[in-house]
Amino acid sequence: MADATPKHLTLKYLPLAWSGLALAIVVLTPLMIEGDIHSALGAWGISFDALAMMLHEVGLLAGTAITLRLLSRRGVRASDLGVGGTIKASWIAYAIGGFILAVFLYPAVGALAQAVGLSMFWWGDGRFEYRSPLDWCLAVIAAILMAPVIEELFFRGYLLTALLGRVGSAPTAVCLASLVFMSIHVLMGPGILIYVFLWSLIPSYLYLRTGSLYPAMLMHALNNIFAYVVLPALL
């Protein structure tokens, strides 16, 4: 297993993990209070789902950028966070394997949630409905281009590495990082929270196995292409 703990990283930037969630809540809550946000957004050809995703990723982008800037002042390099070097062919295989595992994980968690009486989502069936080409563009930019890079940089590159240096135990660090990652999806639903926690173990393993974020980013991108583009196009 590759070394993913090059130096001790501070955990003082942990609150920035919720920067995306905070921005989405701050922007969307007043709109929801004022009236029918879905109709208002529909006039612009934008769905609530696409706007919420974009707001979350923009907020997390800001939080991640601040984190990386402050870490660089402490002498932390990109390579310390798993970024750099060339992509190995075996890493692509790892990413594809992780993606396949994630695909089968979802129905397994769904069956478990149903067995114990939990719904997957707080409301609705979780289907993403895009209203226009603009909606699709927002979904592709937020879920496929931004999320895999930003979220892996923060939650695996920074947070998991920092926790590894602090607690010393890989399983404990992975579980703690996964709990934080799970928490940013709190508005989705109880079953999804379980799924996200278990899902997060996959890119965490890829990072620890290879010492690079590239396999985790690729796996994350494949997952989001399937979840946010392929499935909505088919359903």
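The model shown is predicted, which means the values in this text are computed figures rather than measured ones.

Participant: Mind showing me how you'd approach the environment of Met120 here?
Facilitator: As for its placement among the helices and strands, Met120 is situated in the loop between helix H4 (89-115) and helix H5 (133-167). Under the relative-accessibility criterion, Met120 is labelled buried at 14%. Distance in space between the C-alpha atoms of Met120 and Asp80 is 36 Å, their sequence separation being 40 residues. With sequence-adjacent residues up to four places away left out, Met120 is seen in contact with Tyr106, Val109, Gly110, Ala113, Met188, Gly189, Pro190, Gly191 and Ile192.

Participant: Whenever I open this one, the packing of H5 against helix H6 (residues 170-183) confuses me. Can you help?
Facilitator: Axis angle and axis distance: for two packed helices, these are the angle between their axes and the distance between the axes, and together they describe the pair. Close contact between H5 and H6 brings their axes to 9 Å; oriented N to C, the two are set at 140°. Classified by the angle their axes make, H5 and H6 are oblique. As H5 packs across H6, the resulting crossing turns out to be right-handed. Counting all contacts with H5, which are made through Glu151, Phe155, Arg156, Leu159, Leu160, Leu163, Leu164 and Val167, the residues of H6 involved are Ala170, Thr172, Ala173, Val174, Leu176, Ala177, Val180 and Phe181. Counted by class, the contact of H5 with H6 contains 13 nonpolar, one polar and two charged residues.

Participant: What is the right way to look at the pattern of salt bridges in this model?
Facilitator: Between side chains of opposite charge, a pair can form when the charged atoms approach closely. This model, assessed by the stated rule, comprises two salt bridges. We note a salt bridge from Asp80 to Arg77, for which the minimum N-O separation is 3.2 Å. For Arg77, a relative accessible area of 52% corresponds to the exposed category. Between Arg156 and Glu152 there is a salt bridge whose closest N-O contact spans 2.8 Å. Taken together, the residues span about one helical turn, with Arg156 and Glu152 both in helix H5 at a distance of four residues. Judged by its relative accessible area of 0%, Glu152 falls in the buried class.

Participant: Would you mind showing me how to read the packing of aromatic side chains here?
Facilitator: Each aromatic ring pair is characterised by the separation of its centres together with the angle its planes make. Counted under the stated rule, the structure contains eight aromatic pairs. Measuring from ring centre to ring centre gives 6.0 Å for Phe99 and Phe226, while their planes differ by 75°; the resulting arrangement is edge-to-face. Of this pair, Phe99 sits in helix H4 while Phe226 sits in helix H8 (residues 214-234), and the two are 127 residues apart along the sequence. The class of Phe99 is buried, set by a relative accessible area of 18%.

Participant: Where do I start with H5 in this structure?
Facilitator: Spacing of three or four residues puts side chains on the same side of an α-helix, whose turn is 3.6 residues. A bend of about 55° at Ala147 is the largest found in H5, and the proline Pro148 appears one to four places after it. One or two positions beyond H5, positive phi appears at Gly168, with a value near 80°.

Participant: Can you walk me through the packing of H6 against helix H7 (residues 190-210) in this structure?
Facilitator: Relative orientation of the contacting elements H6 and H7 amounts to 135°, with a least axis distance of 8 Å. Overall, the two elements H6 and H7 adopt an arrangement that is oblique. The way H6 lies across H7 gives a crossing that is right-handed. In contact with Ala170, Val174, Cys175, Ser178, Leu179, Phe181 and Met182 of H6, H7 contributes Leu193, Val196, Phe197, Trp199, Ser200, Leu201, Ser204 and Leu208. Tallied by class, residues from the contact of H6 with H7 come to 12 nonpolar, three polar and no charged.

Participant: Teacher, can you tell me more about the side chain of Ser200 here?
Facilitator: Looking at where Ser200 falls in the secondary structure, it is placed in helix H7. Residue classification places Ser200 among the buried residues on the basis of a relative accessible area of 0%. Among the polar contacts made by the side chain of Ser200, one reaches the side chain of Ser178 at a distance of 3.2 Å. In this view, Ser200 contacts Arg156, Ser178 and Phe181; residues no more than four positions away in its chain are not counted.

Participant: Which parts of the structure should I look at to understand the nonpolar core?
Facilitator: The tendency in soluble globular proteins is for nonpolar side chains to be buried as a group. One finds Leu28, Phe155, Tyr158, Leu159, Leu160 and Met219 to be the most contacted residues of the largest nonpolar core, which totals 63 residues. Mapped by element, the contributors of at least two residues to this core are helix H1 (19-34), helix H2 (37-42), helix H3 (48-73), H4, H5, H6, H7 and H8. Among the elements that take part in this core, H5 stands out by supplying 16 residues, more than any other. Setting aside residues up to four positions removed in sequence, Met219 forms contacts with Ala95, Gly98, Phe99, Ala102, Trp199, Ile202, Pro203 and Leu206.

Each value, and the rule that gives it
- Sequence order as written defines residue numbering, which begins from 1 separately in each chain.
- The model is predicted, so local features are restricted to residues of pLDDT at least 70 and side-chain atom pairs to those at 80 or more, both for listing and for counting; the totals for chains, interfaces and linings are taken over all residues.
- Side-chain metrics rest on all non-hydrogen atoms present in the structure, leaving aside hydrogens and water.
- The way it works is that DSSP assigns letters per residue, a run of H or I at least four long becomes a helix, a run of E at least two long becomes a strand, and they are numbered from the N terminus.
- Burial classes follow relative accessibility: with a 1.4 Å probe on protein chains only, a residue under 20% of its type's maximum area counts as buried, one over 50% as exposed, and anything between as partly exposed.
- By definition in these notes, contact holds between two residues if any of their heavy atoms fall within 4.5 Å.
- Fitting a line to C-alpha atoms yields each axis, with helices limited to the stretch in contact; the angle taken between N-to-C directions then spans 0 to 180 degrees.
- Angles below 35 degrees are treated as roughly parallel, those above 145 as roughly antiparallel, those between 65 and 115 as roughly perpendicular, and all remaining angles as oblique.
- Less than a right angle of anticlockwise turn of the near helix away from the far helix marks a crossing as left-handed, whereas a clockwise turn marks it as right-handed.
- Residue polarity follows a fixed list, in which Ala, Val, Leu, Ile, Met, Phe, Trp, Tyr, Cys and Pro are nonpolar, Asp, Glu, Lys and Arg are charged, and the others, Gly among them, are polar.
- We define a salt bridge as a contact between a side-chain nitrogen of Lys or Arg and a carboxyl oxygen of Asp or Glu at a distance within 4 Å.
- To pair, rings of Phe, Tyr and Trp, with the six-membered ring standing in for Trp, must have centres within 6.5 Å; the planes then decide the type, stacked if under 30 degrees apart, edge-to-face if over 60, and tilted in the middle.
- We define the bend at any residue as the angle between the axes fitted to the seven residues before and including it, ending there, and the seven starting there.
- In the analysis that follows, any N or O atom pair within 3.5 Å is treated as a polar contact, provided that within protein one partner can donate a hydrogen and the other can accept it, and provided that, for residues neighboring in sequence, both atoms belong to side chains.
- Remark: nonpolar core denotes a set of buried residues (Ala, Val, Leu, Ile, Met, Phe, Trp, Tyr, Cys) joined through side-chain atoms within 4.5 Å.

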